[in-house]
There are 2 protein chains.
Amino acid sequence: MSALLNRRDLEFLLYEFLEVASLCDYERYAEHDRETFDAVLEACEQLATEQFLSHAAKLDENEPQFDGEQVHIIPEVKQALDTYCEAGYLSASFDAELGGMQLPWTITQCCNAIFAAANVGTVGYGALTVAAANMLNAFGTQTQKDKYLPAMLEGRFFGTMCLSEPHAGSSLADIRTKAEPQEDGSYLISGTKMWISGGDHDLSENIVHMVLAKIPGGPPGIKGISLFVVPRTRMNEDGTLGETNDVHLTGLNHKMGWRGTVNTVLSFGEDGDCRGYLLGEKHKGMSHMFHMLNEARILVGLESTALAYTAYLYSLDYAHNRPQGRHADEKDPNSAQVAIIEHADVRRMLLKQKAYVEGALGLLLYGAHMVDQHAVTVDEERRREIGLLLDLLTPVMKAWPSEYCLEANKLAIQVLGGYGYTRDYPVERLYRDNRLNAIHDGTSGIQGLDLLGRKVVMYDGEAFQLFIREMNNTLRKAKHEETVSEFLKAFEQAIALLQETTNSLIELAGKGESQLFLANSTTYIEMFGHITIAWVWLQQAMIASKKIDSEIEDEANFYQGKIDACRFFYRHELPKIEAQANLLQAADDTFLRISNDSF
Amino acid sequence: MSALLNRRDLEFLLYEFLEVASLCDYERYAEHDRETFDAVLEACEQLATEQFLSHAAKLDENEPQFDGEQVHIIPEVKQALDTYCEAGYLSASFDAELGGMQLPWTITQCCNAIFAAANVGTVGYGALTVAAANMLNAFGTQTQKDKYLPAMLEGRFFGTMCLSEPHAGSSLADIRTKAEPQEDGSYLISGTKMWISGGDHDLSENIVHMVLAKIPGGPPGIKGISLFVVPRTRMNEDGTLGETNDVHLTGLNHKMGWRGTVNTVLSFGEDGDCRGYLLGEKHKGMSHMFHMLNEARILVGLESTALAYTAYLYSLDYAHNRPQGRHADEKDPNSAQVAIIEHADVRRMLLKQKAYVEGALGLLLYGAHMVDQHAVTVDEERRREIGLLLDLLTPVMKAWPSEYCLEANKLAIQVLGGYGYTRDYPVERLYRDNRLNAIHDGTSGIQGLDLLGRKVVMYDGEAFQLFIREMNNTLRKAKHEETVSEFLKAFEQAIALLQETTNSLIELAGKGESQLFLANSTTYIEMFGHITIAWVWLQQAMIASKKIDSEIEDEANFYQGKIDACRFFYRHELPKIEAQANLLQAADDTFLRISNDSF
């Protein structure tokens, strides 16, 4: 059996690429060191394998059912989540005083990736709860926190995010859910929410919904949206569960994949008695929600990476062990068949997967590390910069893996051939699961608009210039490394092309061509993503190039593999940006100009 | 509800692009004219909608089940197939004297596409039977034909192709199924066959398996393979069904999609009493099977196109009708939402689908038309040329749609967003169905090897040069058309790039670098395919450009849409070949050189 993720690679990314252990120099993480991190990952892998992976296929085949009264989920899910909560993974990133392990975000994201690789459906309940708890922690009053946070962090209450409505998926400005203020300070919530993951189940004692709604009389559109805490079951003053809160399950959505996380349509206030509690400021709901959404988007990128990473390892293992055919120059049909890893195209598909998934994981852990650095950095200016970079790269960290790691999943199936297409092998399920990631929490198209229309231009392009500076820093360092010289010219050109292309688009915007400016933003984020991954790979290759002479054979092979994967990315992938840049600089409008009746 | 395929486009391709009606000038098709063709298509669409589409989702959710004794398939399948056979679709391409409609292959392929768009799982039984009947017709003795062919063409017997074995999927040289000659001229067959579509069911009275097996003492490898007719139930002399023929269902394969066509593992001769009958010559099994396989490969390309084409129409219809969000320059949040077809990125995804599916359908019908021309052309030299072109393009017609029409299916889901990912909308099923096409009947990698390693170099590159000549002919004609001038430079460069790249690869082969020559053949077929589709689009655009001034608004819109889709392909897709050509000319070997332990 292949591993969930490659532990050696995780260690490389954590300790050699990101030097995460140095976080322990800060007071916040002083209780930790590399050993505690390793122990957490080790235990995580064991738990994920024994309790999550073990029922992943069964859960996919037996998705949650709604009998009209309640949701039924196979018992393995609750059992796994109970162990997960007890072992402290749900609260792992939270402060010790809240009962958490106070682990760096980077480490808990590694855990998330391991759990997602094992069973993304089951761990989803936990991940959503962490995101909801983080938002509550950031914007809740002390009373609100006291009421819900401990129970959430213990895993007694799970959380959800309720944004979309049946008629308003990507267009949140149009939500209709109402919140009418009551004399006691609470609000009466009424409306229907769509696509609510973890919206109803009996896995936890209570469910804490984070709901976007409009207070009547507020500004129209986005600016009139507020955020509310809406428990499924109300809480008594003494902290015990009270009466039901008029939140009803209307139906389940039946998805292609990701079937384990129950996905619901919820109706709030059918009987006019659903209480919600304002979280944060009135009419600031969207900005508060983005606190959760940014985190969720990076998590989506990470999960997407994990689904592809584990499929890659599975297909690699299969390729090592499946005999089929012969080398092209072997003319004797009676000779033994060779393992398919010997065939050129299988090798290409494996190395492409490796270049995608290890590149993406590097980016996502870099992102997680920025979250940690943002939390501990004292220097205000540097702290602000880190925040800007994180903002800029969030849509990239969401969209690139959603698209390219799905492509990797496709290749994992292809390596297994007909077997890979059957439900007897996990690669087909992982592919179906991963198809969701380009859709939920903002489609790839929306990430493109966010990147080009908002992030690149914000503060007069400051974040973008910072990113260019970061890449140039890497380039400067790389120029001192003979061993990576083959990549430098291409990377330098890529940076220049990104600047040039971005400038030409911004010029368009300046001329008032706002529609044309954003028309190809999906292509822009693809190009931006490829350059970002090339940057991540160059950094990995620089580290590896210093160590390929290791006398330990496994180590030498590992580092050589990093160089080879980087080389593959630079030869097979990075050159694609040229056609993209040409398209963007030409500001193609073919699809804008075609008449609706000519499709 | 959207249509299965766009009838106007079918008519454009058949009568304006391919001028199929002129086939009726030949004696073979003298009974037909455009009116009979149209009537066939009209009736086909109706039958496909009423009897095939109507149970497509149900069949996907209720795949065939094996209870240990027999296979159970929902009754709608048999009902649909009975009607299909009665209406003459199964035998449509066969001679009138065999009871067929003697329709051109191009027309019957249109029918196949329409049925596949409706329900690829159900029509699969018929399509396999046609392919088996064609092979029997080509290589069978008169006695063999008399015994099976009429029953197959009436749909009383269905057919299969039995190539793969559990340990030999793509490497047929290694099959172990044995055929031991008996005194009566028959053979005793023994062995296990894998991935047999339509291998067991009660939809027909009998199943005629076309089985590859080795006669003991024959040459090793591919050269020792022979082809046998192996009925599930033996035939009495009087044509009635006799005793069972020792063919057993061992199990079913459970696939991601394409669930309607039962896919089986079959065991032949468990009791030492399975009779097979040699079809064609001893040890020529592979060459005979390629008669079926080439046809099957083009059919796979066509089905892949149909699955994407109908998903495109569905997503287009959805985009016209789903309100969501506003134009970027609409600042009033109280204004009405617009249909999502108004959004730039949705338009891009729609036009990309259109460019893929209408380009692919053009290529596939061109291929079908070559089959017809091959059958009727009297001039030996031209006939040979048509055969060569068909051989050359077969792997392209299989691989390009399998990859790019899957990409189109992915976009159809994306247009529908979260809804598209649910099983409530057909686009998710069509995506799952289409994922098979890059695998069965030779993976995309194998098509690449076939194209570059066999077809391009055969007869000293004659077929390849013919194709270049065909493309140059189009280019020459296009130079007289002012209206398509924008495409000419790019197309001319594409032809040059293909020649240059092919030459540089052949030079490698000449230097004995056979592994390096073929290492990137998957990239080669991608590039070759893109150029082929660009050629097909240029031809479509040339025709359309003469008619965009039509005074009938719908017609003008239709033709303008062709120009726009061609433009999209030339601006967004064709430029990708440059990076591919560079990679191929550099003969990248990164994935060959990486050590197996460095992945």
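Residues numbered from 1 in each chain as written. Chains lettered and ligands numbered in written order. Predicted model: local features only at pLDDT ≥ 70, side-chain atom pairs only at ≥ 80, totals over all residues. Heavy atoms only, no water.

Re the overall build of chain A
Step number 1: Each helix and strand counted, chain A has 18 helices and 12 strands in total.
Step number 2: Over its C-alpha atoms chain A spans a radius of gyration of 24 Å, differing by no more than 12% from the 25 Å that the globule rule assigns to 599 residues.
Step number 3: In terms of its C-alpha atoms, chain A occupies a principal-axis envelope of roughly 80 × 60 × 60 Å.
Step number 4: Taking all 599 residues of chain A together, 65% fall into the buried category. (Helix = DSSP H or I, 4+ residues; strand = E, 2+ residues; numbered from the N terminus. Rg over C-alpha atoms; globule rule 2.2 N^0.38 Å. Buried < 20%, exposed > 50% of the residue type's maximum accessible area, 1.4 Å probe, protein only.)

With respect to the interface of chain B and chain A
Step number 1: With 87 residues of chain B at the contact, the number on the chain A side is 88 residues.
Step number 2: Its largest share of buried area at the contact with chain A, chain B owes to Tyr-421, Arg-423 and Phe-599 of chain B, together 11% of the area lost on that side.
Step number 3: Where chain B packs against chain A, one counts 10 salt bridges.
Step number 4: Residue Lys-410 of chain A pairs with Glu-403 of chain B through a salt bridge whose shortest N-O separation is 3.0 Å.
Step number 5: Here chain B and chain A share 53 residue pairs in polar contact (both at pLDDT 80 or more) between them.
Step number 6: Counting residues per element, the side of chain B that touches chain A draws most heavily on helix 16 (residues 553–573) of chain B, which supplies eight residues.
Step number 7: The residue inventory of the side of chain B that touches chain A, partitioned by class, reads 32 nonpolar, 30 polar and 25 charged. (Contact = heavy atoms within 4.5 Å. Buried area = accessible area lost by both parts, 1.4 Å probe. Salt bridge = Lys/Arg side-chain N within 4 Å of Asp/Glu carboxyl O. Polar contact = N/O pair within 3.5 Å; in protein donor to acceptor, adjacent residues only side chain to side chain. Nonpolar A, V, L, I, M, F, W, Y, C, P; charged D, E, K, R; others polar.)

Digging into the packing of aromatic side chains
Step number 1: Taken as a whole, this structure holds 49 aromatic pairs over all chains when the rule is applied.
Step number 2: Summarising the aromatic geometry, the rings of Tyr-89 of chain B and Phe-115 of chain B are spaced 5.2 Å apart at their centres and angled 75° between planes, so their arrangement reads as edge-to-face. With a gap of 26 residues between them, Tyr-89 of chain B in the loop between helix 4 (75–86) and helix 5 (105–139) and Phe-115 of chain B in helix 5 connect regions that are remote in the sequence. The two residues Tyr-89 of chain B and Phe-115 of chain B agree in class, both being buried.
Step number 3: What links up through ring pairs into an aromatic cluster is the set Tyr-366, Phe-464, Phe-467, Tyr-524, Phe-528 and Trp-535 of chain A.
Step number 4: Sitting over the ring of Tyr-459 of chain A, Arg-384 of chain A keeps its end group 5.3 Å from the ring centre. (Phe/Tyr/Trp six-rings, centres within 6.5 Å; stacked < 30°, edge-to-face > 60°. Lys NZ or Arg CZ within 6 Å of the ring centre and 35° of its normal.)

Focus on the pattern of salt bridges
Step number 1: In this structure the tally under the stated criterion is 92 salt bridges over all chains.
Step number 2: Linking Arg-156 of chain B and Glu-205 of chain B is a salt bridge whose minimum nitrogen-to-oxygen distance equals 3.3 Å. With Arg-156 of chain B in the loop between helix 6 (142–153) and strand 3 (157–162) and Glu-205 of chain B in the loop between strand 5 (187–197) and strand 6 (206–214), this pair connects stretches of sequence that are 49 residues apart.
Step number 3: Several salt bridges converge on common partners, so that one network encompasses Arg-7, Glu-11, Arg-34, Asp-38, Glu-42 and Glu-45 of chain A.

Focus: the packing of helix 8 (residues 344–376) of chain B against helix 16 of chain B
Residues and elements named next belong to chain B.
Step number 1: One can describe the packing of helix 8 onto helix 16 by two numbers: an axis separation of 9 Å at closest approach and a directional angle of 95°. Between helix 8 and helix 16, the angle falls in the class roughly perpendicular. Residues Arg-348, Leu-351, Lys-352, Lys-354, Ala-355, Tyr-356 and Glu-358 of helix 8 touch helix 16, and the partners they reach there are Gly-561, Lys-562, Asp-564, Ala-565, Phe-568, Phe-569 and Glu-573.
Step number 2: Looking at the contact of helix 8 with helix 16, its residues break down into six nonpolar, one polar and seven charged. (Axes fitted to C-alpha atoms, helices over the stretch in contact; angles between N-to-C directions. Parallel < 35°, antiparallel > 145°, perpendicular 65-115°, else oblique.)

Examining the relation of the copies chain B and chain A
Step number 1: Once chain B is rotated about the relating axis by 180° and shifted along it by 0.0 Å, it coincides with chain A to within an RMSD of 0.0 Å. What the superposition gives is, in effect, a two-fold axis relating one chain to the other. In terms of proximity to the rotation axis, the leading residue of chain B is Lys-576 of chain B, whose C-alpha is 3.4 Å off the axis.
Step number 2: The fraction of interface residues of chain B whose copies in chain A are also interface residues reaches 100%, indicating that both copies meet through the same surface. (Least-squares fit on C-alpha atoms with pLDDT ≥ 70 in both.)

Some remarks on the environment of Phe-139 of chain B
Residues and elements named next belong to chain B.
Step number 1: Structurally, Phe-139 is set in helix 5.
Step number 2: Sequence separation between Phe-139 and Gly-280 is 141 residues; the distance between their C-alpha atoms is 4.9 Å.
Step number 3: The contacts of Phe-139, once residues within four sequence positions are left out, are Leu-279, Gly-280, His-288 and His-291.

Structural notes on unusual backbone geometry
Residues and elements named next belong to chain A.
Step number 1: Phi at Trp-195 takes a positive value of approximately 65°, unusual for a residue other than glycine.
Step number 2: Residue position: Trp-195 is located in strand 5 (residues 187–197).
Step number 3: When its relative accessible area of 18% is taken as the criterion, Trp-195 is described as buried.
Step number 4: Positive phi, normally seen in glycine, also occurs at Asp-441, with a value near 60°.
Step number 5: In this fold, Asp-441 is placed in the loop between helix 10 (426–434) and helix 11 (444–455).

What to know about helix 4 of chain B
Residue and element names in this part refer to chain B.
Step number 1: A rise of 1.5 Å per residue sets the reference length of helix 4, with its 12 residues, at 16 Å; its end C-alpha atoms lie 17 Å apart and thus fit the reference within 8%.
Step number 2: Those residues of helix 4 that sit buried are Val-77, Ala-80, Leu-81, Tyr-84 and Cys-85. All buried residues of helix 4 project into a common sector of 130° when viewed along the axis, lining one side. Exposed and facing more than 90 degrees away from the buried side of helix 4 are Pro-75 and Glu-86.
Step number 3: Close packing links the buried residues of helix 4 with helix 2 (34–52), helix 3 (56–61), helix 5 and strand 3.
Step number 4: Two residues or fewer after helix 4 comes Gly-88, characterised by a positive phi angle close to 90°. (Expected span 1.5 Å × (residues − 1). Arc of directions from axis to C-beta.)

With respect to the environment of Lys-223 of chain B
Step number 1: Relative to the assigned elements, Lys-223 of chain B resides in the loop between strand 6 and strand 7 (225–231).
Step number 2: In this structure the C-alpha to C-alpha distance between Lys-223 of chain B and Lys-284 of chain B, which are 61 residues apart in sequence, comes to 7.1 Å.

Some remarks on the pairing of strand 5 of chain A
Residues and elements named next belong to chain A.
Step number 1: Pairing of strand 4 (residues 178–181) with strand 5, which is carried by four bridges, proceeds in the antiparallel orientation. The partner of Pro-181 across the bridge, within strand 5, is Tyr-187.
Step number 2: A loop of five residues connects strand 4 with strand 5, the two strands running antiparallel in sequence, and Gly-185 in this loop sits at a positive phi of about 95°.
Step number 3: Strand direction decides the pairing type here: strand 5 and strand 12 (residues 275–278), joined by two bridges, are antiparallel. Looking at strand 12, one finds that Leu-188 is bridged to Arg-275.
Step number 4: One ladder, built from five bridges, connects strand 5 with strand 11 (residues 263–268); its direction is antiparallel. Of the residues in strand 11, the one forming a bridge with Ser-197 is Asn-263. (Pairing = 2+ DSSP bridges.)

A word on the pairing of strand 6 of chain B
Residue and element names in this part refer to chain B.
Step number 1: Burial runs high along strand 6: nine of the nine residues are buried.
Step number 2: What you see with strand 6 is no split at all: Asn-206, Val-208, Met-210, Leu-212 and Lys-214 on one side and Ile-207, His-209, Val-211 and Ala-213 on the other are buried throughout.
Step number 3: Bridge count for strand 3 against strand 6 is six bridges, and the pairing is parallel. Residue pairing for strand 6: Cys-162 is matched across the bridge by Val-211.
Step number 4: Bridge analysis of strand 6 against strand 7 gives seven bridges, and the strand direction is antiparallel. When the sheet's bridge partners are listed, Ala-213 is paired in strand 7 with Ser-226.

A word on the confidence of the model for chain A
Segments scoring low in pLDDT should not have their predicted coordinates read at a detailed level.
Step number 1: Of all residues in chain A, 100% have pLDDT values of 70 or greater, and the mean over the chain is 96.
Step number 2: For this predicted complex, the interface score ipTM comes out at 0.97, alongside a pTM of 0.97. (pLDDT = per-residue confidence, 0-100.)

Details of the side chain of Thr-422 of chain A
Step number 1: For Thr-422 of chain A, the location among the structural elements is in the loop between helix 9 (380–416) and helix 10.
Step number 2: In this structure Thr-422 of chain A comes out as buried when scored by relative accessible area, which is 1%.
Step number 3: Separated by 2.7 Å, the side chain of Thr-422 of chain A and the backbone oxygen of Tyr-419 of chain A make a polar contact.
Step number 4: In this structure, Thr-422 of chain A is in contact with Glu-428 of chain A together with Trp-195, Asn-253, His-254 and Lys-255 of chain B, ignoring residues within four places of it in sequence.

A closer look at the environment of Gly-88 of chain B
Residue and element names in this part refer to chain B.
Step number 1: One can find Gly-88 in the loop between helix 4 and helix 5.
Step number 2: The buried category is assigned to Gly-88, whose relative accessible area is 12%.
Step number 3: Each C-alpha atom of the pair Gly-88 and Gly-100 lies 7.0 Å from the other, and the pair is 12 residues apart in sequence.

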